[in-house]
Amino acid sequence: MLQTIRNAWKIEEIRKKILFTLFMILLYRVGNSIPVPYVNVDLLGQYFTSLENTVLGLYNVMSGGAFSSATIFALSIQPYINASIIIQLLCIAIPALERMAKDEGEEGRKKINNITRYSTIGIALLQGFAYYMLLRNNTVSGYELLSEYGVWQGIVIVLTFTAGSTLLMWMGEQITEFGIGNGISIILFASIISRFPTSVITMVSNIISGTLAWWVYLLMLIGALIIIILIVVVTNAERRIPVQYSRRVVGRKQYGGQSTHLPMKVNMSGVLPIIFAQSIASLPATIAAFAGKTLSWFDTDSLLYALVYFLLIIFFSYFYSTIQFNPIEVANNLKRNGGFIPGYRPGKPTSEFITKVLNKITLFGAIYLSIIAVTPYLISHWSDVANTSGISLGGTSIIIVVGVALETVQAMENQMLMRHYKGFLE
């Protein structure tokens, strides 16, 4: 990975992309430090301290601590993620949107993106209003979380949250277009990474104070390393289907006849199923928390949350593998170019075989993601040690961080490959 980054840095165009990405991350971190007006930030921090292992604590981790500080980026990219889920599901349910996405080409995709953007603004308005009601309806030791509240103050707070979320959406799109990797994933990556120094300091403080034994953290570190190795192995794993091309004679020359393979990644959709499943699974408890109520049976350390989270990861894994890989289209392309899978006739038999293989490896990848993501929540449910150390939020964070890092490095390698850079595999 480090070698790839060094080689990418030597290429001026890729270096500019990396610097642009880092500049956007810097702007994001600056925005995460600017609180909205009329909020008692210190009291709000005390309020969120008791909610570390709840859904609101999860939102705080995913926002890089901005959520508990009520900064302009407090809503983070959650409105955009929720809007993307809704629009993509509607593209399957509504024929007009499906035709727009598939038949109109680039113009159709631009229309879908515009609909997603407007939906993001609408969801951000709703979440911003919900956050304002959370601030207005809760107190800490009898003190109000808002220094002032009224119609004007409410409008300012809600519009500030909405503007911050919209700006983040724009920044993510700019990173995707002019930077390296997927912009939304990069922002989420930066949010989680920013919490690591605080977590390390808390860990050291707990060891010094004797709150938890050092060997407990050692076991947690070993478990995290095992998870990282497993993520790397499965992310790079693929099923290779052998493909043979027929020989053709054109004049005095012979074409084709070579053997190759069709690569199918085990974890084809990356970290997207986890990100989307997390947003949907936390929705009921989030709505309740914003309304000033508590759904203890749907907190992040509850069995019901773990079950819903598990099933949603499997659903989104299949959902994205279906979107990204079309067996019928692949079979038709093979047939058109004179290729075939040994033992299967071109056309429908080939597409059925590819579909069967796709379902198997998608199931394996979905179960792998679900187990790694849900196990820390189960440990948190049955262990007081896990609750004290915040391990329930650590497992998902590791998956997202490692997954995004691998995807970004892969994007760098693809950029270098496009420029015929010979040294990037050394």
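Residues numbered from 1 in each chain as written. Predicted model: local features only at pLDDT ≥ 70, side-chain atom pairs only at ≥ 80, totals over all residues. Heavy atoms only, no water.

## Observations concerning the overall build of the chain
Turning to step 1, where the next piece is worked out: When helices and strands are tallied, the chain shows 18 helices and seven strands.
Turning to step 2, where the next piece is worked out: When each of the 426 residues of the chain is scored for burial, the buried share is 46%.
Turning to step 3, where the next piece is worked out: Looking at the chain as shown, the accessible area adds up to about 21,800 Å², and 64% of this sits on carbon and sulfur atoms. (Helix = DSSP H or I, 4+ residues; strand = E, 2+ residues; numbered from the N terminus. Buried < 20%, exposed > 50% of the residue type's maximum accessible area, 1.4 Å probe, protein only. Areas by Shrake-Rupley, 256 points an atom, 1.4 Å probe, with all protein chains shown as cover.)

## So, the side chain of Ser-185
Turning to step 1, where the next piece is worked out: Take Ser-185: it is sitting in helix α9 (residues 183-193).
Turning to step 2, where the next piece is worked out: When residues no more than four places from it in sequence are discounted, the contact partners of Ser-185 are Val-404 and Glu-407. (Contact = heavy atoms within 4.5 Å.)

## Remarks on the sheet that holds strand β6 (residues 259-265)
Turning to step 1, where the next piece is worked out: Pairing is antiparallel in the open sheet, where three strands are placed in the order β6-β3-β7. Edge strands, defined here as strands with exactly one partner in the open sheet, are β6 and β7 (339-340).
Turning to step 2, where the next piece is worked out: Where strand β3 (residues 238-245) and β6 come together, seven bridges link them in antiparallel fashion. Directly across from Ile-241, in β6, lies its bridge partner Leu-262. (Pairing = 2+ DSSP bridges.)

## Points about the pattern of salt bridges
Turning to step 1, where the next piece is worked out: Applying the stated criterion across every chain, the model contains three salt bridges.
Turning to step 2, where the next piece is worked out: Note that Glu-173 is salt-bridged to Arg-117, the shortest N-O span being 2.9 Å. Of this pair, Glu-173 sits in helix α8 (residues 151-178) while Arg-117 sits in helix α7 (residues 105-137); the two residues are 56 residues apart in sequence, bridging distant segments of the chain.
Turning to step 3, where the next piece is worked out: Residue Arg-117 is classed as partly exposed on the basis of its relative accessible area of 26%.
Turning to step 4, where the next piece is worked out: For the salt bridge of Arg-240 with Glu-238, the shortest nitrogen-to-oxygen distance reads 2.8 Å. (Salt bridge = Lys/Arg side-chain N within 4 Å of Asp/Glu carboxyl O.)

## Looking at the environment of Ser-321
Turning to step 1, where the next piece is worked out: Of note, Ser-321 is situated in helix α14 (residues 303-324).
Turning to step 2, where the next piece is worked out: Overall, the relative accessible area of 3% leaves Ser-321 in the buried class.
Turning to step 3, where the next piece is worked out: In sequence terms Ser-321 and Met-268 are 53 residues apart; their C-alpha atoms lie 6.1 Å from each other.
Turning to step 4, where the next piece is worked out: Dropping the residues within four chain positions of it, Ser-321 is found in contact with Met-268, Leu-358 and Thr-362.
Turning to step 5, where the next piece is worked out: In terms of polar contacts, Ser-321 uses its side chain to reach the backbone carbonyl oxygen of Tyr-318, at 2.9 Å. (Polar contact = N/O pair within 3.5 Å; in protein donor to acceptor, adjacent residues only side chain to side chain.)

## Side note on the confidence of the model for the chain
Turning to step 1, where the next piece is worked out: In the predicted model, the chain carries a mean pLDDT of 80, and 86% of its residues have values of at least 70.
Turning to step 2, where the next piece is worked out: Low pLDDT, under 50, characterises residues 386-392; the predicted model gives this stretch 20 contacts beyond four residues in sequence or across chains.
Turning to step 3, where the next piece is worked out: A low-confidence stretch, residues 421-426 stays under pLDDT 50, and its non-local contacts, those more than four residues away or across chains, total ten contacts. (pLDDT = per-residue confidence, 0-100.)

## A few points about a nonpolar patch on the surface
Turning to step 1, where the next piece is worked out: On the surface, Met-203, Ile-207, Trp-214, Trp-215, Leu-218, Leu-219, Leu-221, Ile-222, Leu-225, Ile-226 and Ile-228 cluster together into a nonpolar patch covering about 1,100 Å² of accessible area.
Turning to step 2, where the next piece is worked out: Broken down by secondary-structure element, the contributors of at least two residues to the nonpolar patch are α10 (196-209) and α11 (214-236).
Turning to step 3, where the next piece is worked out: For the nonpolar patch, the element with the most residues is α11, which contributes nine residues.
Turning to step 4, where the next piece is worked out: Examined against the element boundaries, Ile-207 turns out to sit in helix α10. (Patch = residues over 30% accessible without salt bridge, like charges linked within 9 Å, V, L, I, M, F, W, Y side chains within 5 Å.)

## Some remarks on the packing of aromatic side chains
Turning to step 1, where the next piece is worked out: For the structure shown, the criterion picks out twelve aromatic pairs.
Turning to step 2, where the next piece is worked out: Between Tyr-305 and Tyr-309, the aromatic rings sit 5.8 Å apart at their centres with planes inclined by 40°, giving tilted as the arrangement. Highlighted residues: Tyr-305 and Tyr-309, both in helix α14, separated by four residues, approximately one helical turn.
Turning to step 3, where the next piece is worked out: Look at Tyr-305 and you get buried, because its relative accessible area is 0%.
Turning to step 4, where the next piece is worked out: The class for Tyr-309 is buried, based on a relative accessible area of 0%.
Turning to step 5, where the next piece is worked out: Relative to Tyr-320, the ring of Phe-319 has its centre 5.2 Å away and its plane inclined at 90°; by these criteria the two rings are edge-to-face.
Turning to step 6, where the next piece is worked out: The class of Tyr-320 is buried, set by a relative accessible area of 5%. (Phe/Tyr/Trp six-rings, centres within 6.5 Å; stacked < 30°, edge-to-face > 60°.)

## Considerations on the nonpolar core
Turning to step 1, where the next piece is worked out: One finds Ile-231, Ile-274, Tyr-309, Phe-316 and Ile-400 to be the most contacted residues of the largest nonpolar core, which totals 52 residues.
Turning to step 2, where the next piece is worked out: Looking at this core, the element that brings in the most residues is α14, giving eight residues.
Turning to step 3, where the next piece is worked out: The contact partners of Ile-231, leaving out residues within four places of it in the chain, are Tyr-368, Ile-372, Ile-398, Ile-399, Val-402 and Leu-406.
Turning to step 4, where the next piece is worked out: Judged by nonpolar contacts, the second largest core, of 23 residues, contains Tyr-131, Tyr-132, Leu-145 and Phe-161. (Core = buried A, V, L, I, M, F, W, Y, C linked by side-chain atoms within 4.5 Å.)

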